[in-house]
Amino acid sequence: MTAETRDDPRPSPDFAARVAGSLAWVRNNLFNTWYNALFTLIIAWFFLNVLPPLFDWMVTNSVWQTDDPRVCRDAAGACWAFIHEKYRFILFGTYPYDEQWRPLLMVMITIALLAASCDKRTWRFIVPMWVAGLTVSGVLLWGGVFGLTYVENLRWGGLPITLLLSVVGLAVAFPIAVLLALGRRSDLPVVRAICICYIEMIRGVPLITLLFMSSVMLPLFLPTGVTIDKLLRAQIAMIMFAAAYLAEVIRGGLQSLPRGQYEAADSLGLGYWRKMRLIILPQALAVVIPPIVNTFIAFFKDTSLVLIIGIFDIMTATKSALTDPHWRGFFREAYLFTGVIYFCFCFFMSKYSQWLEKEFSKGRRH
Amino acid sequence: MNTKALALAGVVLATLAAPALAGETFDAVKEKGFVQCGVNAGGLPGFANTDSEGTFVGLDIDFCRAVAAAVFGDAEAVRYTPLSAQQRFTALQSGEIDVLIRNTTWTTTRDTSLGLNFTGVNFYDGQGFMVPTNLGVTSAMELDGATVCVQPGTTTELNLADFFRANAMSFEPVVIEKLDEVVEAYVQGRCDVYTTDASGIASTRSTFTNPEEHLILPELISKEPLGPSVRHGDDQWFDVVKWVGFALLEAEEKGITAANVDAMLESTDPTIQRLLGVDAGMGEALGLEENWAYNAIKQVGNYGEIFERHVGVETPLGLSRGLNALWTDGGLMYAPPIR
């Protein structure tokens, strides 16, 4: 930048002109037809009626810090002191209080890995990166080595559980889903039949039923004395569920590719797996990024269903925080807090998918 | 609901596949060095909830701790498995937990065909009534002509009608489906009385701005005895859990508290001597150390202390002892003689 451009000799538009300009904008965009004008008025009325009381509740009349719940009950506004009192429990559940730096570190590692995975440059070593990250996370949470005390996974809770169930669930489900999708379009009748059966069976029942099966029925079929860990059972149910749904999304991508792509691959003399890996899957997956991320987001929120089998994910922890007899009744604040956390993760995912779509469509733009 | 049906199916299957763990539970517990205790996952205020540091606290939790203290001399030798209502029986049947202490009502089917053995009652719950104190009512018998807020389709509604008919009184039901809405209706004064299980009323009342302006009437009109249970097949373990509960009651009856238990070791009362193991024999009979009851009382307290600590009048729940008082005070809590 040089001095000339800053000392632009053009006169700045004067105030009146600017007002006229914005009035014109308002007329053109908000009041251009009678029904748009009506909608504008209704929405303005709505905001005027909702926002001030909401602001009063959230800010003006709220209680930010107190050890006495009665102060909160007497106040007209939100009781953020409840969140202040309970945020560690909501985030980390029943994990030993003095050791909660460990799940905190685990959450930070997971978020860092997620962020790093967004960068295309890391994709070459994405598998070792995640394996290393998850190993460190596991060591942190379980402990029992390097002077860390052992913490059994019944005591894990909050955000780490939600992240673990969804991240591990999706990471394991994704390759299974690819295989299922390929299997369903395979020429081998037995493979195709198995894949169709699996996908349709899982898609035919609600996730809550799968969780129940894994949690209530499965232990009864095992020999007495043999119990599979409760969290692991839930994790397997989530993986099975996610795999079936993702498989159908990926199959959509496979079907959208023109026949010519398959024929071109065949004419190059590529075998089945190389054809899929080098030509078909990269294109098919790129096409279905939006529905895949849609499934991811739905799945992330579905993890809250483990509530019914007594696993302390962030939702269960929130509900449980509300049962402290000293701090009863602050459910608005609690759910708002947890809602914001869910929103942050889901919003990040959808923003990332938009960026990813742009990246992948670059090659196909003409 | 289909979730309920599923859980039921699971339970039926479990009964068919009746796990044979005869005599094994107690040995397994001693071998692993801790008690695996099934507790309420969603949390029930005062009975099993988590404090701000994520520690389980409550009346049910203290029973888990008392069992651990009696078996291992350490009330902390317990691990909690949070369970939902649908999971609880399977968890016990499959051996995932050693004892279920999760506000579970003692009923015939549960005690027999579901393969559970209830070891006693740690809280007599039942349907109760709450009224605003300015109504001037002190007994449910004075409720003739009252409007009553109640949730539909539950036994609560039936019990309510039965109670009023049996006592030749009339009432006007205000039936509202959702819990927070029915509570709101009561707070707004749309009805004079709110009815549900007494423990539920107490925890609802603790969320009010002025809980002292509402009274829980002493009458309970239904029977919901809540207690710990173990699975069929290990009578020795059944005895241990059962007598830990009785020891806590006996301790209260004899005035032994966590604070004075050491002084009580000097007592000349033969019952106290047998209970605390000064006069040996009881521990051996149960397969425990002689100081089993001493440890439980010392580390957890007697039943009255546990009650007052978590649900009593000084707590936000503010429950009076009522049916849960000792038999000597007009309640139902009664321990067989320790000898």
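Treat the numbers as computed from the prediction; the structure is a model and nothing was measured.

Draft legend 1. Expanded view of the domain arrangement of chain B. Residues and elements named next belong to chain B. Domains assigned within chain B are domain 1 (2-124 + 225-329) and domain 2 (127-222). Here the C-alpha centre of domain 2 lies 31 Å away from the C-alpha centre of domain 1. Contact with domain 1, which involves 9 residues of that partner, is made by 7 residues of domain 2. The residue inventory of the side of domain 1 that touches domain 2, partitioned by class, reads 6 nonpolar, 3 polar and no charged.

Draft legend 2. Structural context of unusual backbone geometry. Residues and elements named next belong to chain B. The phi torsion at N103 lies on the positive side, around 25°, for a residue other than glycine. Take N103: it is sitting in the loop between β5 (99-100) and α5 (108-111). The residue A168 is not glycine, and still its phi comes out positive at about 55°. Examined against the element boundaries, A168 turns out to sit in the loop between α6 (155-166) and β10 (171-175). Of the residues examined, A168 has 7 C-beta atoms within 10 Å and is grouped as exposed.

Draft legend 3. Local environment of the packing of helix α2 (residues 24-32) of chain B against helix α9 (residues 235-253) of chain B. Residue and element names in this part refer to chain B. Look at α2 against α9: their axes get within 6 Å of each other, and the N-to-C directions meet at 65°. Overall, the two elements α2 and α9 adopt an arrangement that is roughly perpendicular. Contacts between α2 and α9 involve T25, F26 and V29 from the first element and Q236, W237 and V240 from the second. Here the residues of the contact of α2 with α9 sort into 4 nonpolar, 2 polar and no charged.

Draft legend 4. Region of the structure containing the interface of chain B and chain A. At the junction of the two partners, chain B supplies 40 residues and chain A supplies 36 residues. Only α1 (2-16), β2 (49-50) and β4 (78-83) of chain B provide two or more residues apiece to the side of chain B that touches chain A. Looking at which element gives the most residues to the side of chain B that touches chain A, the answer is α1 of chain B, with 6 residues. Among the residues forming the side of chain B that touches chain A, the class breakdown is 15 nonpolar, 21 polar and 4 charged.

Draft legend 5. Fine view of the nonpolar core. Grouped together as the largest cluster of nonpolar side chains are 96 residues, with contacts concentrated most on C64, V67, A70, V193, V240, V244 and A296 of chain B. Per-domain counts for this core show at least three residues from each of domain 1 (2-124 + 225-329) and domain 2 (127-222) of chain B. Once residues lying within four places of it in the same chain are set aside, the contact partners of V244 of chain B are A66, V67, A70 and A296 of chain B. Ranked by size, the runner-up nonpolar core spans 76 residues in total, among them L159, A237, L254 and A334 of chain A.

Draft legend 6. Region of the structure containing the packing of helix α8 (residues 159-184) of chain A against helix α9 (residues 189-203) of chain A. All names here are of chain A. Here α8 crosses α9 at 125°, and the two axes come no closer than 8 Å. Between α8 and α9, the crossing angle belongs to the class labelled oblique. Note on packing geometry: the crossing formed by α8 with α9 is left-handed. Two secondary-structure elements touch here, α8 through L180, G183 and R184 and α9 through V191, R192, I194, C195, I196, Y198 and I199. Taken together, the residues of the contact of α8 with α9 break down into 7 nonpolar, 1 polar and 2 charged.

Draft legend 7. The arrangement of the environment of F337 of chain A in detail. Residues and elements named next belong to chain A. Inspection of the secondary structure puts F337 in helix α16 (residues 331-361). A count of 20 C-beta atoms within 10 Å places F337 in the buried class. When the C-alpha atoms of F337 and I90 are compared, they prove to be 9.3 Å apart, with 247 residues separating the residues in sequence. Those residues in contact with F337 that lie beyond four places of it in its chain are I83 and I90.

Draft legend 8. Local environment of the confidence of the model for chain B. All names here are of chain B. Taken over all residues, the pLDDT of chain B has a mean of 87, while the share at 70 or more is 93%. When the criterion is pLDDT under 50, residues 10-22 qualifies, and its contacts beyond four places in sequence or with other chains add up to 30 contacts. Interface confidence in the predicted complex, given as ipTM, is 0.74; pTM for the same model is 0.80.

Draft legend 9. Spatial organisation of α9 of chain B. Residue and element names in this part refer to chain B. Taking 1.5 Å per residue, 19 residues should reach 27 Å; α9 reaches 26 Å between its end C-alpha atoms and fits that length. Of all the 19 residues making up α9, 15 are buried; the element is thus mostly covered by neighbouring parts of the structure. Following α9 by one or two positions, G255 adopts a phi angle in the positive range, close to 75°.

Draft legend 10. Here's a closer look at the sheet that holds strand β11 (residues 193-197) of chain B. All names here are of chain B. Strand order in the open sheet formed by 5 strands is β10-β9-β11-β8-β12, with mixed pairing between adjacent strands. With one partner strand each, in any of the chains shown, β10 and β12 (214-216) form the two edges of the open sheet. Neighbour-to-neighbour, the strand axes of the sheet open up by a mean angle of 30°, direction not taken into account. The pairing of strand β8 (residues 127-132) with β11 spans 4 bridges and is antiparallel. Bridge assignment links F129 to a residue of β11, and that residue is T195. Set on the sheet, helix α7 (residues 179-187) makes contact with β9 (146-150), β10 and β11; between it and β9 the angle comes to about 155°. On top of the sheet, helix α8 (residues 198-205) reaches β8, β11 and β12; it is set at about 125° to β11, its chief contact.

Draft legend 11. Local environment of the environment of D235 of chain B. All names here are of chain B. Looking at where D235 falls in the secondary structure, it is placed in helix α9. Of the residues examined, D235 has 15 C-beta atoms within 10 Å and is grouped as partly exposed. Separated by 118 residues in the primary sequence, D235 and N117 place their C-alpha atoms 9.3 Å from one another.

Reading guide: rules and limits
- Residues numbered from 1 in each chain as written.
- Chains lettered and ligands numbered in written order.
- Predicted model: local features only at pLDDT ≥ 70, side-chain atom pairs only at ≥ 80, totals over all residues.
- Domains from an automatic or database assignment.
- Contact = placed C-beta atoms within 7 Å.
- Nonpolar A, V, L, I, M, F, W, Y, C, P; charged D, E, K, R; others polar.
- Helix = DSSP H or I, 4+ residues; strand = E, 2+ residues; numbered from the N terminus.
- Buried ≥ 20, exposed ≤ 12 C-beta atoms within 10 Å, placed from the backbone.
- Axes fitted to C-alpha atoms, helices over the stretch in contact; angles between N-to-C directions.
- Parallel < 35°, antiparallel > 145°, perpendicular 65-115°, else oblique.
- Core = buried A, V, L, I, M, F, W, Y, C linked by C-beta atoms within 7 Å.
- Left-handed = near helix turned anticlockwise from the far one by under 90°.
- pLDDT = per-residue confidence, 0-100.
- Expected span 1.5 Å × (residues − 1).
- Pairing = 2+ DSSP bridges.

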